[in-house]
Amino acid sequence: SGAPSPLPLFSQVLKLGHKMSKKALIQEAAKDFVSFVNKGPSPFHVVQECRVRLEAAGFQELKEKDRWNIKPNGRYFVINNFSTIVAFAVGGKYKPGNGYSIVGAHTDSPCFRVKPRSCRTSVGYIGVGVEPYGGGIWHTWFDRDLKLAGRVILKQEGGLVHRLVHIEEPILNIPNLCIHLDRDMHYKFAPNKETHMIPVLATTLQQQLEEAAEEAPQDSPACNHHPLLISLLTKQLGCSPADIMDFELCLADTQPARIGGALEEFIFAPRIDNLMNCYTGLQGMIKSMDSLEGDSNVRVLALFDNEEVGSKSVQGADSSTLEFYLKRCSWCRLECCFRRVHSEVDCAQC
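The structure contained in this document is the topic of the report that follows. (Residues numbered from 1 in each chain as written. Predicted model: local features only at pLDDT ≥ 70, side-chain atom pairs only at ≥ 80, totals over all residues. Heavy atoms only, no water.)

Examining helix α5 (residues 272–287)
Put simply, the rule reads: Numbering of helices and strands runs from the N terminus; a helix is a DSSP stretch of H or I covering at least four residues, while a strand is a stretch of E covering at least two. Given a helix with a known number of residues, its expected span is that number minus one, times 1.5 Å. Burial status follows relative accessibility: with a 1.4 Å probe on protein chains alone, a residue under 20% of its type maximum counts as buried, one over 50% as exposed, and anything between as partly exposed.
With 16 residues, α5 ought to run about 22 Å at 1.5 Å a step, and its terminal C-alpha atoms sit 21 Å apart, in line with that. For α5, every residue scored as buried is listed here: Asn274, Leu275, Cys278, Tyr279, Gly281, Leu282, Gln283 and Met285.

Focus on the nonpolar core
Test applied: Nonpolar cores are built from buried Ala, Val, Leu, Ile, Met, Phe, Trp, Tyr and Cys residues. Side-chain atoms within 4.5 Å join them into one set. Residue contacts follow a heavy-atom distance rule, with two residues in contact if any of their heavy atoms lie within 4.5 Å.
Membership of the largest hydrophobic core comes to 34 residues, with the highest contact counts inside it found for Trp141 and Leu251. Looking at this core, the elements with two or more residues in it are β5 (111–122), β6 (125–133), β7 (146–156), β8 (159–172), β9 (200–203), α4 (227–237) and β10 (244–253). The leading source of residues in this core is β10, at five residues. Ignoring anything within four residues of it in the chain, the contact list for Trp141 reads Pro110, Cys111, Phe112, Leu146, Ile174, Met197, Leu251 and Ala252.

Topic: the packing of aromatic side chains
Stated formally: A pair of Phe, Tyr and Trp rings is counted when the ring centres sit within 6.5 Å of each other, with Trp represented by its six-membered ring. The angle between the planes then sorts it: under 30 degrees is stacked, over 60 is edge-to-face, the rest tilted. Both a distance and an angle decide whether a charge sits over a ring: NZ of Lys or CZ of Arg must be within 6 Å of the ring centre and within 35 degrees of the ring normal.
Within the structure shown, the criterion is met by 11 aromatic pairs. Their ring planes at 45° and their centres at 6.0 Å tell us that Trp68 and Tyr325 sit as a pair that is tilted. Of the two residues, Trp68 sits in the loop between β1 (60–62) and β2 (75–80) while Tyr325 sits in helix α6 (residues 321–330), which places them 257 residues apart along the sequence. Relative accessible area serves as the criterion here: at 2%, Tyr325 is assigned to the buried category. Between the NZ or CZ atom of Arg113 and the centre of the ring of Tyr133, over which it lies, the distance is 3.9 Å. Over the face of the ring belonging to Trp68 we find Arg328, whose NZ or CZ atom lies 4.1 Å from the ring centre.

Some thoughts on α6
Of all 10 residues that make up α6, eight are buried, and the element is covered over most of its length. Every buried residue of α6 is accounted for by Thr321, Leu322, Tyr325, Leu326, Lys327, Arg328, Cys329 and Ser330.

Observations concerning unusual backbone geometry
The step from Asp273 to Asn274 runs through a cis peptide bond, and the omega angle for that step is 15°. On the secondary structure map, Asn274 appears in helix α5. Despite not being glycine, Phe82 has its phi angle at roughly 65°, a positive value. Looking at the secondary structure, you find Phe82 in the loop between β2 and β3 (84–90). Relative accessible area serves as the criterion here: at 35%, Phe82 is assigned to the partly exposed category. Not every positive phi belongs to a glycine, and Val123 is a case in point at roughly 40°. Relative to the assigned elements, Val123 resides in the loop between β5 and β6.

Remarks on the side chain of Thr84
Note the threshold: Polar contact is the term for a pair of N or O atoms within 3.5 Å; when the atoms are in protein, one must be able to donate a hydrogen and the other to accept it, and sequence-neighboring residues count only if both atoms are side-chain atoms.
Tracing the sequence through the fold places Thr84 in strand β3. At a separation of 2.9 Å, a polar atom in the side chain of Thr84 contacts the main-chain amide nitrogen of Asp305. With residues up to four places along the chain from it excluded, the contact list for Thr84 reads Val47, Val78, Ile79, Leu303, Phe304, Asp305 and Gln315.

Observations concerning the side chain of Asp305
Note the cut-off: Positive residues here are Lys and Arg, negative ones are Asp and Glu, while His and the chain termini are left out of the count. Salt bridge, as applied in this entry: a Lys or Arg side-chain nitrogen positioned within 4 Å of an Asp or Glu carboxyl oxygen.
Mapped onto the elements of the fold, Asp305 is located in the loop between β13 (298–304) and α6. One buried charge, Asp305, has no salt-bridge partner; the nearest side chain with opposite charge is Arg113, at 4.6 Å. Engagement of the side chain of Asp305 in a polar contact is seen with the side chain of Ser83, the distance being 2.8 Å. Once you skip the residues sitting within four places of it in the chain, Asp305 turns out to touch Pro43, Asn81, Ser83, Thr84, Thr107, Asp108, Tyr133, Gln315, Gly316 and Ala317.

A few points about the pattern of salt bridges
If you walk through the whole model with that rule in mind, you get 11 salt bridges. Across the pair Asp295 and Arg299 runs a salt bridge whose closest N-O atoms are separated by 2.7 Å. Among the residues examined, Asp295 registers a relative accessible area of 16% and is labelled buried. Three or more residues are tied together by salt bridges with common partners; here these are Asp32, Glu49 and Arg53.

A few points about the pairing of β10
Going by this rule: Only strands joined by at least two bridges in the DSSP assignment are considered to pair.
Along β10, seven of the 10 residues are buried, which leaves the element largely enclosed by surrounding structure. In this structure, β7 lies alongside β10, joined through nine bridges in antiparallel fashion. Paired with Ile153 across the strands is Asp246, a residue of β10.

Concerning the sheet that holds β13
Under the convention used in this document: To define axes, lines are fitted to C-alpha atoms, for helices over the stretch in contact only, and angles between the resulting N-to-C directions are given on a 0 to 180 degree scale.
With mixed pairing, five strands are arranged side by side in an open sheet as β1-β2-β3-β13-β4. With partners counted over all chains shown, the strands left at the sheet margins are β1 and β4 (100–106), one partner each. Averaged over neighbouring strand pairs, the angle between their axes works out to 20° when direction is ignored. Pairing of β4 with β13 involves seven bridges; the strand directions are parallel. From the neighbouring strand, Val103 faces β13, where its bridge partner is Leu301. Strands in contact with α5 are β3, β4 and β13; relative to β4, the strand with the most contacts, it is inclined by about 150°. Against the sheet, α6 makes contact with β2, β3, β4 and β13, and its axis sits at roughly 155° relative to β13, the strand it touches most.

Read these as geometric descriptors, not functional statements.
Written out as structure tokens, the structure reads:
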């Protein structure tokens with residue numbers, strides 16, 4: 001007579017199973033986000049990862065120089081400067097004059113970037129001249145194992161090409177001064193970002209003991225950087241120093257993003273501002289394609305570069321890039337919802 005009823009017990013089992021499955025789904029999404037962060041050490045890598053995911057979801061890449069043939073139920077994306085990407089999906093019930101559903105975020109994050117002239121040598125150490133980019137918490141960059149990631153512009157037959165580079169080894173470090181040489185460090189820590197935060201690449205002594213790195217020609221842009229740094233790039237890219245015309249390189253922590261905490265409820269990661277919004281916007285766009293046919297709007301995902309420094313660049317959110325893309329998107333062999341496009345954009349270019 002005192003035995004428990006099987007119904008409440010069965011209900012508790014169902015609730016426990018639901019809770020466990022829900023946590024598993026959250027964990028799966030968190031792990032995918034962590035993977036996204038680890039694949040995006042620079043804005044260029046973030047855009048490349050977005051491109052891979054969009055193409056896997058059936059999106060077609062468009063080029064600014066080509067004629068666009070936009071159709072209802074179509075999925076498209078455009079890349080600007082290899083660091084900004086705008087994806088859009090046209091609803092199946094879209095008509096000219098209808099609206100846009102837009103989600104925006106930015107691909108760049110605060111970091112140190114290699115200067116155009118980075119060669120630094122002092123008291124037996126080879127350094128790399130860097131400059132702060134964006135609003136970083138700069139004191140957290142001391143005593144970390146740092147890597148380099150970004151893009152390199154190479155000269156090849158037929159013109160210039162863009163290549164991604166990601167040196168994952170801890171090749172750089174911004175060392176702190178030992179405590180007995182700076183007793184006031186605990187009370188006032190205000191490093192000069194130009195003189196106190198030069199990452200160390202190597203020592204001149206070890207460089208002399210090693211095989212000399214290939215020198216760049218005197219008239220080459222690579223001459224603005226130490227041959228040791230250039231050799232790291234050429235080794236990964238399989239080119240010569242003379243082939244390097246320019247590069248944009250970001251410093252990043254070698255410690256990868258991870259899920260942590262005793263109950264695995266935290267995400268320990270760099271660049272969460274703003275890769276979290278990039279990821280959720282991208283996933284939202286891709287996961288919503290099942291309902292595209294019944295939508296009367298154009299769904300837009302705009303991930304811009306240079307938000308950290310004012311968004312005033314050609315690939316920034318404060319440029320006319322998005323407006324231009326939306327105008328071209330709206331002109332699909334139909335009456336244009338932006339009347340002034342007739343006077344600003346040649347129909348043959350749309």
